[in-house]
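# A structural walkthrough
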Amino acid sequence: MNRNQLVLLLSLLVGISLIGFFFFGPEKEVDYSTEIKPILNKHCITCHGGVKKNGGFSILFEEEAFALNESGLPAIVPGSPNSSELIKRLTHSDPELRMPYQRAKLSEEEIDLLKTWIRQGAKWGKHWAYKPVQKPAVPSQIQSAGIGSTNSGNAISPIVHFIREKLEAKGLKPSPEEQPLRLLRRVALDLTGLPPSESLVSDFSSGKISYNQAVDQLLESNSYGEKWATWWLDLARYADTKGYERDVSRTMWPYRDWVIRAFNADKPFDEFTIEQLAGDLLPNPTQDQLTATAFHRNTMNNDEGGTEDEEFRVAAVLDRVNTTYEVWQSTTMACVQCHSHTYDPIRHEEFYQSAAFFNNTRDEDTHDEEPRLRFYEPEQQGQVDAVITWAKENEGDKTAKARADFLKFYEPKYAAHLATDFNRSELIDTKWLGLWSGGSAVYKNIDTQGSDQLLLDYWTGLDGTEMTIRKDDAAGEILASFVMNKTQGEIVRQIPFKPVTGKVNLYFEAKNSSAKPQQNTSSIVWFAFVPSLKGKEKKGFEQAEKTWEELLKFKGTRLPILIENPSYMARKTNVFERGNWMVLGEEVKPKTPDELGGWKEEWPNNRLGFAYWLTSPENPLTARTLVNRVWDQLFGRGIVRTLEDMGSQSDPPSHPELLDYLAWKTMNDYDWSMKSLIREIVTSTTYKQSSVLSAEVFEKDPENQWYSRGPRFRLSAEQVRDQALAVSGLISDKMYGPGVKPHQPEGIWQTVYNGESWNESEGEDKYRRGIYTFLKRTSPYPSFITFDAASREVCLSKRLVTNTPLQALVTLNDPVYLEAAKSLGKNTWEKAGKNPEKSISAAYQQLILSPISEGKKKTLLALFASAKAEFTKDPAALEEFYPGAKPEEAAMAVVANALMNLDEFLTKP
């Protein structure tokens, strides 16, 4: 080739390159998170990931993916697909060598994508959800919707902007705005769980208030907190019983009331989080902050005799880890209990590093569920204040605070089940220490804190038991000696104790010549070391001592809460080999997963620091998770459909920019205000769209994934009942307090061992909102379970929505709904001047907030006539159905019952 030909060839090649670059541009860089990771997860990771590392090759962590495997070669050679064993094995002609082994070959498109990725340098990347939330770009003409925004002019909200972008890309258009009163009913049900009040309907219909003003009124109503607290209680696995076999009652309702008050006060979500996870660790925690920690005392507690308390304490700790990551991080952390996460870069030991944050709490799966926060009545609180004032004056602030804390939650103390070295003694029902005459038991490594007094909680049916507590063993120094006489139930007694320093073994022994063989001389529940009250020589001591003794007899409301172990009781945390709590691996310290990052050295290395980490702007998941859950509550599906999982196996977000916009705004502009977030969503034109579904829209967007129409789905279990009570005028607005027991069929509560029964509430308690209904885990309220409510054994991110014949049987026959129908029918019958047509029209308008169609009216008038004829002909049936009513009144009740079973009534419009 001569020089001219060479120049011509080079010129031609350059020209072709320039033309190619002009038409096709630079090669698009392959994104690991969205394009490569899904391929690896689908085809490779089950054999080369968290559970298995066949051939020494894993693609779960970056350093493992590029490391040498068992063959001595790297499977991925950045920049060289042809040198990469991964590509060779994916394209091998021998079925015994080709991967995935004994499974379908990857498509050519998938292989080409992997080749391109490797050729471009095999750049690793974070999953989209693990990247810190960044403020997305929003066009300048888009208004910043929020409190006070009016959606005026041509400006549209960022929500609408992001939704419309996707609608246009999918060939869809937004639906027109919903009819005003139907929209009012929708937003009232979403914000308060109840239909709008007559006054709100009147003010809105007359133009006295705008839609946005109606939203503000609903957000400020007490019903708002009750509705949204129900959502949160599913996540918190709140119930009124302990769970497991005996499933006995427990006092948890103060926590439920705290949640309602927190929502109504619009407590910022970061504070809401911190107080629930670590309120006890805040400086000088308030009663409310201690109450909030009951979030993690909603874990089940096993009361069955013969169980190992430590096993179920550990089960509670593991549940707290899993629940925390599901609720705040949309992360399936339970996968990591037995092995490294199969799909996400979270290591096995990182589960137990997270568990170390929760492993140092005082609760021990004991029968009494201590520690429990005491709720003193005002008079009792005055007594507490008097004792603490005395203690400050005579003992100093530090000792007085310890005494005040003990009166709040009776900690620290040692539970009876910690006893060892039993001799003629036993753990009664594995709960309480029972010593026979001449019997003994030992408590090891007890720190008495140098106290001169022992507090002993016990009961006994015998007089004259001589109890001795010695140091170390039967020949040890006597530290306490006292006589036990018959008690009237369980008591807490102050016993002089010889001060000792450091950790010691305490040898308990009992003698009583009147005790029968193998008869327990007493039942010991716990003991604690609280110094005797000082200032004996001063005036007023006797009254202070008497008040202190009275306070130790407290039997009022006590709520299980979280309290951290003092340093001398601190627990160690170990990795459980294969998740088995009995096979301990290496010891670990509290630490958050590396992949989620963002830990600051100034945070305390305990639950409080963990809560700070969760709510820090650097945490990639908390704000996204909150926004996604709130969006799901309002639209029936999340922006990420898998609410419990934003990991690499989750559904991708339908509108990622929208998710990040709302997450960013919630943290930065709204300061974690949930009401502000909800308001922005429900005042957007996306939310206000009509829910009417056309055939064309159904074909392109059957599940409303792109939000081409308004949200329409069946009401929750509690809302179904609450709405029936509300429209009938029966509902009670009474708030807070112990759970109530409205009507349920006989024989539902047939639980073993606990002897409890369902005693139906009286008066207005029968008509209180569903959030106050007593919830027994093994036997939940039947109509709620029928409508897919949770039994609350575990955290539930999203309820299933089913449609079964049993649901219709409930709303047609349950006495609650029949009573509501009778009340509704009677009210509309009398208001309409006992005119069937007017009464039916008025009832429908009241329920649906729309005029009734002629066809429906005709059908319901026929039902009225038929029912009236039946009741006229059969007075006995009338008396059985509606005692004391006239045939037309009973017939109107039948019509009202039918109206309350319409799909329009049971579904959000």
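Above this text is the structure in question.
Bear in mind that the values here come from a model prediction, so they are computed numbers and not experimental data.

The next point concerns the pairing of strand E10 (residues 523-528). Extensive coverage of E10 is indicated by the burial of 6 of its 6 residues. Pairing of strand E2 (residues 414-415) with E10 involves 2 bridges; the strand directions are antiparallel. Looking at the pairing, alanine 415 lines up with tryptophan 526 of E10.

With that out of the way, let us pick up empty space enclosed by the protein. Throughout the structure, instances matching the rule amount to 4 cavities of 30 Å³ or more. Here the largest cavity is characterised by a volume of approximately 200 Å³. Of all the secondary-structure elements, those providing two or more residues to the lining of the largest cavity are E2 and E10. Across the lining of the largest cavity, the residue classes break down as 7 nonpolar, 6 polar and 11 charged. Lining the second largest cavity are 16 residues, and of these Glu718, Thr773, Leu775, Phe784 and Arg792 sit closest to its centre. The set of elements that each furnish at least two residues to the lining of the second largest cavity consists of helix H10 (222-235) and helix H25 (782-786). A breakdown of the residues in the lining of the second largest cavity according to their chemical character gives 11 nonpolar, 3 polar and 2 charged.

With that settled, the discussion passes to the packing of aromatic side chains. Within the structure shown, the criterion is met by 53 aromatic pairs. Plain terms: the ring middles of tyrosine 781 and phenylalanine 784 are 4.9 Å apart, the flat faces sit at 75° to each other, and that makes the pair edge-to-face. What makes phenylalanine 784 buried here is its relative accessible area of 7%. The structure contains a cluster of three or more aromatic residues connected by ring pairs, namely Tyr224, Trp228, Trp231, Trp232, Tyr255, Trp258, Phe263, Phe269, Phe272, Phe295, Trp328 and Trp672. The lysine or arginine in question, lysine 413, covers the ring of tryptophan 526, its NZ or CZ lying 5.4 Å from the ring centre.

With that settled, the discussion passes to helix H9 (residues 211-220). Of the residues making up H9, those classed as buried are Tyr211, Asn212, Ala214, Val215, Leu218 and Leu219. In a view along the axis of H9, the buried residues occupy a sector of 155°, so they form one face of it. Contacts from the buried residues of H9 go to helix H7 (180-192), helix H8 (198-205), H10 and helix H22 (674-682).

Trp232, Tyr255, Phe263 and Trp631 are the most contacted members of the largest nonpolar core, which has 111 residues in total. With sequence-adjacent residues up to four places away left out, tyrosine 255 is seen in contact with Trp232, Leu233, Ala236, Tyr238, Gln276, Thr291, Ala292, Ala294, Phe295, Asn298 and Leu559. Ranked by size, the runner-up nonpolar core spans 45 residues in total, among them Trp749, Ile840, Tyr844 and Leu899.

Conventions we followed
Residues numbered from 1 in each chain as written. Predicted model: local features only at pLDDT ≥ 70, side-chain atom pairs only at ≥ 80, totals over all residues. Heavy atoms only, no water. Buried < 20%, exposed > 50% of the residue type's maximum accessible area, 1.4 Å probe, protein only. Helix = DSSP H or I, 4+ residues; strand = E, 2+ residues; numbered from the N terminus. Pairing = 2+ DSSP bridges. 1 Å grid on protein atoms, 1.4 Å probe; cavity = no way out; pocket = protein on both sides within 12 Å on 5 of 7 lines; lining within 4 Å. Points joined across faces, edges and corners; volume = space filled by probe spheres on them. Nonpolar A, V, L, I, M, F, W, Y, C, P; charged D, E, K, R; others polar. Phe/Tyr/Trp six-rings, centres within 6.5 Å; stacked < 30°, edge-to-face > 60°. Lys NZ or Arg CZ within 6 Å of the ring centre and 35° of its normal. Arc of directions from axis to C-beta. Contact = heavy atoms within 4.5 Å. Core = buried A, V, L, I, M, F, W, Y, C linked by side-chain atoms within 4.5 Å.

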